[in-house]
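One-letter residues, chain by chain:
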Amino acid sequence: MIQVEIVGVRIEMPSNQPLVLLKEQLGERHIPIWIGASEATAIALAEQGVVPPRPLTHDLLCGVVAALGHRIVRVNLTKVEDGVFFAELVFDDGTTVGSRASDAIAVAQRADCSIWAAEALVEEAGVLIADHDDDAETTDADAEAKERQVRQFREFLNDVEPEDFDK
């Protein structure tokens, strides 16, 4: 297993599809995982340290686990099949529970636990992201694109309503 960390949530253009971007802690590969809007919101809120007035689903799960006297100690991203990522939550007593990768990542943030990815998953889904530090024009364009994506995502978060997910 390879330990990974969350780089952040991005909006992929031109599809406007949210994704969470992970990176190997001791390497250069990144793992983009396309996710749903509600999971993107949950991950982004936790990244920003926002505590909602009422618990979100991932907060509720962590609260239930704690109330039962247990802890989630790590998240394993186990495999990717046909572009679908699978994960598991690992509890302090060794119990594992299957999960969608996006939900597992959102829970890991709230449980303050590490995220690990199977080597085969990193081999299959990991990508090297070119470093453009040598080209100032490209760096400026990248910074503008990133700022535009963050602005669009913030606008999305400001305008999203619970009813938007009742489809």
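Higher on the page you've got the structure.
An account of the accompanying structure is given in this report. These figures come from a predicted structure and were not determined experimentally.

## Here's the deal with the pairing of strand 2 (residues 17–24)
Okay, step 1: Counting buried positions along strand 2 gives seven out of eight residues, so the element sits mostly inside the fold.
Okay, step 2: Relative to strand 2, strand 1 (residues 2–12) runs antiparallel, the two sharing eight bridges. Pairing of E12 across the sheet is with Q17, part of strand 2.
Okay, step 3: Connecting strand 1 to the next strand, strand 2, in antiparallel fashion are four residues, including N16 with a positive phi near 60°.
Okay, step 4: Here five bridges tie strand 2 to strand 3 (residues 29–34), and the two strands are oriented antiparallel to one another. Bridge pairing links V20 to I33 in strand 3.
Okay, step 5: Taking the residues between adjacent antiparallel strands as the criterion, strand 2 and strand 3 are bridged by four residues.

## A look at the sheet that holds strand 8 (residues 127–128)
Okay, step 1: Spatially, the eight strands line up as an open sheet ordered 6-5-4-7-1-2-3-8, and their pairing is mixed. Of all the strands in the sheet, the pair left with one neighbour each is strand 6 (96–100) and strand 8.
Okay, step 2: Helix-sheet contacts for helix 1 (residues 37–47) involve strand 1, strand 2 and strand 6, and the interaxial angle to strand 1 is about 115°.
Okay, step 3: Relative to strand 6, helix 3 (residues 101–111) is tilted by about 120°, and along the sheet it contacts strand 1, strand 2, strand 3, strand 4 (72–81), strand 5 (84–91), strand 6 and strand 7 (114–117).

## Things to note about the nonpolar core
It is characteristic of soluble globular proteins that their nonpolar side chains tend to be buried jointly.
Okay, step 1: Grouped together as the largest cluster of nonpolar side chains are 36 residues, with contacts concentrated most on L22, I31, I33, L77 and L121.
Okay, step 2: It is helix 3 that contributes the most residues to this core, six residues altogether.
Okay, step 3: Residues in contact with I33, not counting those within four places in the same chain, are P18, L19, V20, L22, L77, F85, A101 and I105.

The rules behind these values
Residues numbered from 1 in each chain as written. Predicted model: local features only at pLDDT ≥ 70, side-chain atom pairs only at ≥ 80, totals over all residues. Heavy atoms only, no water. Buried < 20%, exposed > 50% of the residue type's maximum accessible area, 1.4 Å probe, protein only. Helix = DSSP H or I, 4+ residues; strand = E, 2+ residues; numbered from the N terminus. Pairing = 2+ DSSP bridges. Contact = heavy atoms within 4.5 Å. Axes fitted to C-alpha atoms, helices over the stretch in contact; angles between N-to-C directions. Core = buried A, V, L, I, M, F, W, Y, C linked by side-chain atoms within 4.5 Å.

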